[in-house]
Amino acid sequence: RSLSKESGARERKEGAGRKVIQYPPNRCGITIMCPALQTELKPQLLTDPYDNFMQHHLKYYGYFKENTPREEEILLRPARRNRRQEQTPTDSDSDRFSYDQKKLMIYSLLLESTGFKSRQIVFDRQEGQIIPRLREPRDLFSTLRENGFLQPPRWPTECEVIPGEITHIDWDPAHPEPFYSHTGKETMPPVSGQGDGKVVYEIKPAYKGSHFTGSRTGGRRCVIYSPCTNVDGTNNNDLQFESRFESGNLQKAVKVGRYKYELTLRTDLYTSKHTQWFYFQVKNTKKGVPYRFIITNLMKSNSLYNAGLKPLIYSEHNATLTGEGWKRKGRDIKYYRNSQPQDGGSLYCLTWTFEFPHDNDTCYFAHCYPYTYSDLHRDIQRWTSDPGRSQYCKLRTLCRSLAGNTVYLMTITSPSVNPELATSKKAVVVTSRVHPGETNG
């Protein structure tokens, strides 16, 4: 009281005989920081980034809105009337509610009302306070099938897919692989004209202006190419190409010389025609023969192949005999401009020479290490079924792709012992496979 009189503070009544002292700021040369003197103190709710995001999302679509004090009073009127009827005349402070009671009533009325369409709000009690929060997000789609395995990939209906699955062993080179050293004498083979050469492999292109119409599990049935044979039934020297498998990309292969092949990549579906990624299979190989490959329709004006990058090669014989997987190999590597423009724009070529290590081997060429949707499923299955890792990994279904494939959301974090630690964590968001050429990411 002496401090209030000396500092010029004034008193006001609040509630049932309570007095509140209000001090002018810095009147005594000090700042009063005592929380007990703050009459409008409200509990500081522990907020979660997910809660904040979802509340904005629900409000945007009209499922949730925060109430103004006026709207809160309207919502509380029925509860006040019921409370007056239940209380006896001797009850004191019959019209007043605590902050926790008021919020609990408001949220309860919202949940019971027909205008509130969300059932995601639940109530927690933290340090004696009622704290509204959102439920854990629910999967919009089923993640696992009945047998426990993840859903198989779906393909657009126009994509032909060969039966079976292409797999490769995991392997790391014992030593860093050297870059290719350019000599300046690499040849730039000219691209042959239309109709020149022998077409040994071709699938339907991605026509410009096409759009997604539907999808199916396993893709469309296709005709399996029979081994290349001569009229007398003996095998000839033509390489056998295939790319109708996950992440595979090769539209056409034309034999323009005894051991020389021009390759055309299939452009990305439903886009403005991007070509960078290649991944295809080669059979009927001859050991020690210098085969020349020329990809004729790349679109980037420059490439890491000009800075020493080599194509990736995989030999099934080497994988079986020596445990060797993907390796970067090739010589006479050159990236250069195509002399034949297409649709008024410039195309670029990548050429390299390679000698297969075995006869009748099954080999693969790729721009970078393939990582398919099925590879992702196998990794997710391994992580979520491991007792140790599964404590830190939470798998959710974010959405479905246009073709109906599941887009996964995996949260990797250590369990928090209390909400304060959970909300204080910083997050790193990683996205991948946004475009077909980003499987190497």
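Everything below is about the structure shown above.
The rules behind each value
- Residues numbered from 1 in each chain as written.
- Predicted model: local features only at pLDDT ≥ 70, side-chain atom pairs only at ≥ 80, totals over all residues.
- Heavy atoms only, no water.
- Pairing = 2+ DSSP bridges.
- Helix = DSSP H or I, 4+ residues; strand = E, 2+ residues; numbered from the N terminus.
- Axes fitted to C-alpha atoms, helices over the stretch in contact; angles between N-to-C directions.
- Core = buried A, V, L, I, M, F, W, Y, C linked by side-chain atoms within 4.5 Å.
- Buried < 20%, exposed > 50% of the residue type's maximum accessible area, 1.4 Å probe, protein only.
- Contact = heavy atoms within 4.5 Å.
- Salt bridge = Lys/Arg side-chain N within 4 Å of Asp/Glu carboxyl O.

1. What about the sheet that holds strand E12 (residues 290–298)?
Within a sheet, each strand pairs with its neighbour through backbone hydrogen bonds, oriented either parallel or antiparallel.
No. 1: Read from one edge of the open sheet, six strands run E6-E9-E10-E12-E16-E15, paired in mixed fashion. On the outer flanks of this sheet lie strand E6 (198–202) and strand E15 (331–337), each paired with one strand and no other. Adjacent strand axes in the sheet meet at a mean angle of 20°, parallel and antiparallel pairs treated alike.
No. 2: Relative to E12, strand E10 (residues 260–264) is paired through four bridges, and the arrangement is parallel. Looking across to E12, one finds that lysine 260 is bridged to arginine 292.

2. Remarks on the nonpolar core
No. 1: Within the largest apolar cluster, 31 residues are counted, with the highest numbers of intra-cluster contacts made by Phe241, Leu263, Phe293, Leu350, Trp352, Phe356 and Phe365.
No. 2: Each residue touching leucine 350, except ones within four places of it in the same chain, is listed here: Phe278, Phe293, Ile294, Ile295, Leu298, Tyr305, Ile333, Lys334 and Tyr335.
No. 3: Membership of the second largest hydrophobic core comes to twelve residues, among which are Ala319, Tyr364, Ala366 and Cys368.

3. Overview of the pattern of salt bridges
No. 1: Counting across every chain of the model gives twelve salt bridges.
No. 2: A salt bridge links glutamate 324 to lysine 329, with the nearest nitrogen and oxygen atoms 3.9 Å apart.
No. 3: For lysine 329, a relative accessible area of 28% translates into the label partly exposed.
No. 4: Ionic pairing is found between aspartate 332 and arginine 331, a salt bridge with its closest N-O pair at 3.3 Å.
No. 5: Residue arginine 331 is classed as partly exposed on the basis of its relative accessible area, which comes to 36%.
No. 6: Each of the salt bridges in this network shares a partner with another, and the network as a whole consists of Glu160, Arg220, Glu242 and Arg244.

4. Overview of the sheet that holds strand E14 (residues 327–328)
No. 1: Pairing within the open sheet is antiparallel, and its five strands lie in the order E8-E11-E17-E13-E14. Strands with a single pairing partner mark the edges of an open sheet, and in this sheet they are strand E8 (240–242) and E14.
No. 2: Bridge count for strand E13 (residues 312–315) against strand E17 (residues 363–366) is four bridges, and the pairing is antiparallel. Directly across from isoleucine 313, in E17, lies its bridge partner phenylalanine 365.

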